[in-house]
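Single-letter residue listing:
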Amino acid sequence: MTLVQAGPPVHADSRGVAAQQRRKLLFDWVVQRGVLLVLVTAPLDSLFLGVLRITPPRIGYLYLLLASIALPAFVAWRRARSTDPDEPAQHFHRYALYSLVPVAVFSLVRIPALSLTRFGFWMPWYGFGVGATGQPPGTIGSLLPGAMMYLLQGWSLGMVYYVLFKRHTLLNAMLLYTGFIASLYSFIFPVFIMVGLPATPVFHLTNYWAHTWMGLAAWFMPRFWQRSWPRLARSARAGAIAGLALVFAAPFTYVLAEANLWQFGTQAHIEATAFDRVQASLSGNPTVSVQSG
Amino acid sequence: MEANDYWTFVGLVIGAFAIVVAPRLFQPGHTANSVIYLTGGTVVLVVASIARWRTRLRETQAAESAAHDLRSQGAVQ
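Residues numbered from 1 in each chain as written. Chains lettered and ligands numbered in written order. Predicted model: local features only at pLDDT ≥ 70, side-chain atom pairs only at ≥ 80, totals over all residues.

A. Fine view of the overall build of chain B. Regarding its fold elements, chain B presents 2 helices and 0 strands. Here the C-alpha atoms of chain B give a radius of gyration of 21 Å, more than 25% beyond the 11 Å that 2.2 N^0.38 yields for 77 residues. With respect to the principal axes defined by its C-alpha atoms, chain B has extents near 75 × 15 × 10 Å. Looking at chain B as a whole, 18% of its 77 residues qualify as buried. (Helix = DSSP H or I, 4+ residues; strand = E, 2+ residues; numbered from the N terminus. Rg over C-alpha atoms; globule rule 2.2 N^0.38 Å. Buried ≥ 20, exposed ≤ 12 C-beta atoms within 10 Å, placed from the backbone.)

B. Up close: the overall build of chain A. A tally of helices and strands in chain A yields 12 helices and 0 strands. Traced from its N-terminal end to its C-terminal end, chain A shows the element sequence α-α-α-α-α-α-α-α-α-α-α-α. On C-alpha atoms alone, chain A measures out to a radius of gyration of 27 Å, which is more than a quarter above the 19 Å that the 2.2 N^0.38 rule sets for 293 residues. Judged by the C-alpha coordinates and their principal axes, chain A covers about 125 × 65 × 40 Å. Looking at chain A residue by residue over its 293 residues, the buried ones come to 28%. Put simply, 67% of the contacts in chain A that link residues at least 6 apart link residues at least 24 apart. (Contact = placed C-beta atoms within 7 Å.)

C. Spotlight on the interface of chain B and chain A. Taken together, the contact pairs 24 residues of chain B with 19 residues of chain A. Sorting the residues of the side of chain B that touches chain A by element identifies α1 (3-21) and α2 (31-76) of chain B as the ones contributing at least two each. A per-element tally of the side of chain B that touches chain A places α2 of chain B first, with 11 residues. Grouping the amino acids of the side of chain B that touches chain A by side-chain chemistry returns 14 nonpolar, 7 polar and 3 charged. (Nonpolar A, V, L, I, M, F, W, Y, C, P; charged D, E, K, R; others polar.)

D. Region of interest: the confidence of the model for chain A. Taken as a whole, chain A shows an average pLDDT of 86; of its residues, 92% reach a score of 70 or greater. A low-confidence stretch, residues 1-5 of chain A stays under pLDDT 50, and its non-local contacts, those more than four residues away or across chains, total 1 contact. (pLDDT = per-residue confidence, 0-100.)

E. Representation of the environment of A66 of chain B in the model. Secondary-structure assignment places A66 of chain B in helix α2. Residues A66 of chain B and I36 of chain B, spaced 30 residues apart in sequence, show a C-alpha to C-alpha distance of 45 Å.

F. Structural context of helix α10 (residues 201-228) of chain A. Residue and element names in this part refer to chain A. For α10, spanning 28 residues, the distance from its first C-alpha to its last is 38 Å, which sits close to the expected 40 Å at 1.5 Å a residue. Roughly 30 degrees is the biggest bend found in α10, and it falls at F220, with proline P222 one to four residues downstream. Within α10, burial applies to N207, A210, H211, M214, G215, A217, A218, W219 and M221. Elements in contact with the buried residues of α10: α4 (92-98), α5 (100-108), α8 (140-164) and α9 (170-193). (Expected span 1.5 Å × (residues − 1). Bend = angle between axes of the 7 residues up to and from the residue.)

G. Just the packing of helix α2 (residues 42-51) of chain A against helix α3 (residues 57-81) of chain A, in detail. All names here are of chain A. Closest axis-to-axis distance for the α2/α3 pair is 8 Å, and the angle between their directions is 165 degrees. Overall, the two elements α2 and α3 adopt an arrangement that is roughly antiparallel. In this structure, the crossing between α2 and α3 has a hand that is right-handed. Of the residues in α3, those touching α2 at A42, P43, D45, S46, L47, L49 and G50 are P57, I59, G60, Y61, Y63, L64, A67 and S68. Here the contact of α2 with α3 is composed, by residue class, of 10 nonpolar, 4 polar and 1 charged. (Axes fitted to C-alpha atoms, helices over the stretch in contact; angles between N-to-C directions. Parallel < 35°, antiparallel > 145°, perpendicular 65-115°, else oblique. Left-handed = near helix turned anticlockwise from the far one by under 90°.)

H. Fine view of the environment of V255 of chain A. Residues and elements named next belong to chain A. Tracing the backbone through its elements, the reader meets V255 in helix α11 (residues 234-262). Exposure remark for V255: the 21 C-beta atoms within 10 Å place this residue in the buried category. With 108 residues separating them along the chain, V255 and A147 place their C-alpha atoms 9.3 Å apart. The contacts of V255, once residues within four sequence positions are left out, are W122 and A147.

I. Quick peek at the nonpolar core. Ranked by internal contacts, the top residues of the largest apolar core, which has 61 residues, are Y161, F180, I181 and A218 of chain A. Ranked by residues supplied to this core, first place goes to α8 of chain A with 13 residues. (Core = buried A, V, L, I, M, F, W, Y, C linked by C-beta atoms within 7 Å.)

Here's what the structure looks like:
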């Protein structure tokens, strides 16, 4: 009788244990982060399902609706079951609030670049709004729903950082937003959304510029709330909340003001003015000519 | 860089390439856009690999240092 097994079976056992550990790691990742990622990125996923022509747009909207219902239920279930303090579901409410700032910063930093790009960054919002409501482009009826869709998409992009990564470091934020997402955006936008428009170097530079700021904002939010916020006095806290609210509201207010000034009803106004200038009068008696053949 | 975070980057870059970029890599008029994605993705993978390697090196050194401390404590006892 031998108490210690010979070489090969031990190796086979250790390989089996390692494979089992890998399977458990993968299963844990899927349960803790993968499912949550699929649910929080539903606004983006539904857009790409339609843009990549994988499904008809209505299936994308159905997915968005179902994910919106499933998300709070899944988070509540994981919070009740999970014992891991690092699991994103445990901090979901915080991450959901943090993610509102990067999306606003992403638009805010593109306002000074407008004179360079000569492209209103809210133009795709009309497209999102037309797709969701069927309202004509260039109207408030398509702009407001489009802005809401855009906000949801940007929010889910912010959530990617908090849900996928264990360490919310500056390096991870820069690699995700400046490295990966901006490069993918530089491919997707010209190919699928800016059809017929040239993707100039200024477009790519603005894209990297805005995504870098988005990453900085995503990295800064947990640090601010966990480190700076507890040390702030009451008046400083009120100022910080007001500042964040201003950052969030500024780009949307700017877009509404610009659209109101330059876009809503402008075409109808131009046509009405042109028709007002036309002087139509009849000289002589009216005649009717008929051509045969 | 944590193993989870490193493999997340690997999955993101390769997954987006396989699903979105590769089927349209040689579409006429989009070469520059493809090159931008490939360059960005490569930079992400290289920097993440270096960060992961440095973390593993630090972990190994810390483990060796802890083992050395334990051995010296045992020798003293």
